[in-house]
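So the chains spell out like this:
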Amino acid sequence: MATTSPRVLIQTDDFDLGAEVQRLRAGDPGVGAVVSFVGTVREHSEGAGVSLMELEHYPGMTESAIEAMVDEAFKRFDIRAARVIHRVGPLKPLDQIVFVAVTSAHRGQAFQACEFLMDYLKTQAPFWKKEHTPQGARWVDARVADDQALARWGIAAGNAAA
């Protein structure tokens, strides 16, 4: 692995997908596949319009938790590099929230590792989300579907109420 960039970044600033992918694979001739995911703020959630989403976290704790997720991805999959960027602060619909990218020699491992990281991130990363809707602001709870997605990797999240 030739990348020297941090594997995990928590930031308020936006990110450039192309630049991040290039940075992740730079100088590694063993990379045969790059898989990336970018999550964005939707204008609707659970039947209500969303004008703003605020994301909060505990600095240090969040990075450590996500680093542990990346370590687990390296144990489970034959990957060469991984990078997670998660934004915090106020975000509007269409804003990018999260970037996850993985490199591998082959696409199958890269796809699986990227999906694993997103499933883990949705349920285990210590972020708190507040949506602003016409009915007022509301905190977003973990969803049963997110816990179920993580369970297929053999990990019980236990976040969401049934």
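A.B. asks: Tell me what's going on with the overall build of the protein, and back it up with residues and numbers.
C.D. replies: From N to C terminus, the protein includes four helices and ten strands. Shown N-terminal to C-terminal, the secondary structure of the protein runs as helices and strands in the order β-α-β-β-β-β-α-β-β-β-α-β-β-α. Taking all 162 residues of the protein together, the buried fraction comes to 42%. Within the structure as shown, the protein displays about 8,500 Å² of accessible surface, and the carbon and sulfur contribution to it stands at 50%.

A.B. asks: Lay out the sheet that holds strand S6 (residues 79-87) with the relevant residues and their values.
C.D. replies: Spatially, the four strands line up as an open sheet ordered S1-S6-S8-S2, and their pairing is mixed. This sheet does not close on itself; its edge strands, each paired only once, are strand S1 (8-11) and strand S2 (33-40). Here the average twist between neighbouring strands, direction ignored, is 10 degrees. The pairing of S2 with strand S8 (residues 96-104) spans eight bridges and is classified as antiparallel. Along S8, the bridge assignment pairs Val38 with Phe99. Together, S1 and S6 form the strand contacts of helix H2 (residues 61-76), whose direction differs from that of S6 by roughly 155 degrees. Relative to S8, helix H3 (residues 107-124) is tilted by about 145 degrees, and along the sheet it contacts S2, S6 and S8.

A.B. asks: Report on the nonpolar core, specifying residues and quantitative values.
C.D. replies: Within the largest apolar cluster, 31 residues are counted, with the highest numbers of intra-cluster contacts made by Ile66, Val100, Val102, Leu117 and Leu121. Residue assignment for this core shows that the elements contributing at least two residues are S1, S2, strand S5 (52-57), H2, S6, S8 and H3. The element contributing the most residues to this core is H3, with eight residues. Excluding anything up to four places from it in sequence, Leu117 contacts Met69, Val70, Ala73, Ala82, Val100 and Val102. The next biggest cluster of nonpolar side chains, apart from the first, holds seven residues, and it includes Phe15, Val21, Ala81 and Ala101.

A.B. asks: Please provide a residue-by-residue account of helix H1 (residues 17-25), values included.
C.D. replies: Taken as a whole, H1 has its buried residues at Glu20, Val21 and Leu24. Taken end-on, H1 shows its buried residues confined to a sector of 95 degrees, consistent with a single buried face. On its buried face, H1 sits against S2, S6 and S8. Gly27 lies just past H1 and shows a positive phi near 75 degrees.

A.B. asks: Can you break down unusual backbone geometry residue by residue, with the values?
C.D. replies: Even without a glycine there, the phi angle at Leu94 is positive, about 85 degrees. Taking the relative accessible area as the measure of exposure, Leu94 reaches 75% and is therefore exposed.

Cut-offs and rules
Residues numbered from 1 in each chain as written. Predicted model: local features only at pLDDT ≥ 70, side-chain atom pairs only at ≥ 80, totals over all residues. Heavy atoms only, no water. Helix = DSSP H or I, 4+ residues; strand = E, 2+ residues; numbered from the N terminus. Buried < 20%, exposed > 50% of the residue type's maximum accessible area, 1.4 Å probe, protein only. Areas by Shrake-Rupley, 256 points an atom, 1.4 Å probe, with all protein chains shown as cover. Pairing = 2+ DSSP bridges. Axes fitted to C-alpha atoms, helices over the stretch in contact; angles between N-to-C directions. Contact = heavy atoms within 4.5 Å. Core = buried A, V, L, I, M, F, W, Y, C linked by side-chain atoms within 4.5 Å. Arc of directions from axis to C-beta.

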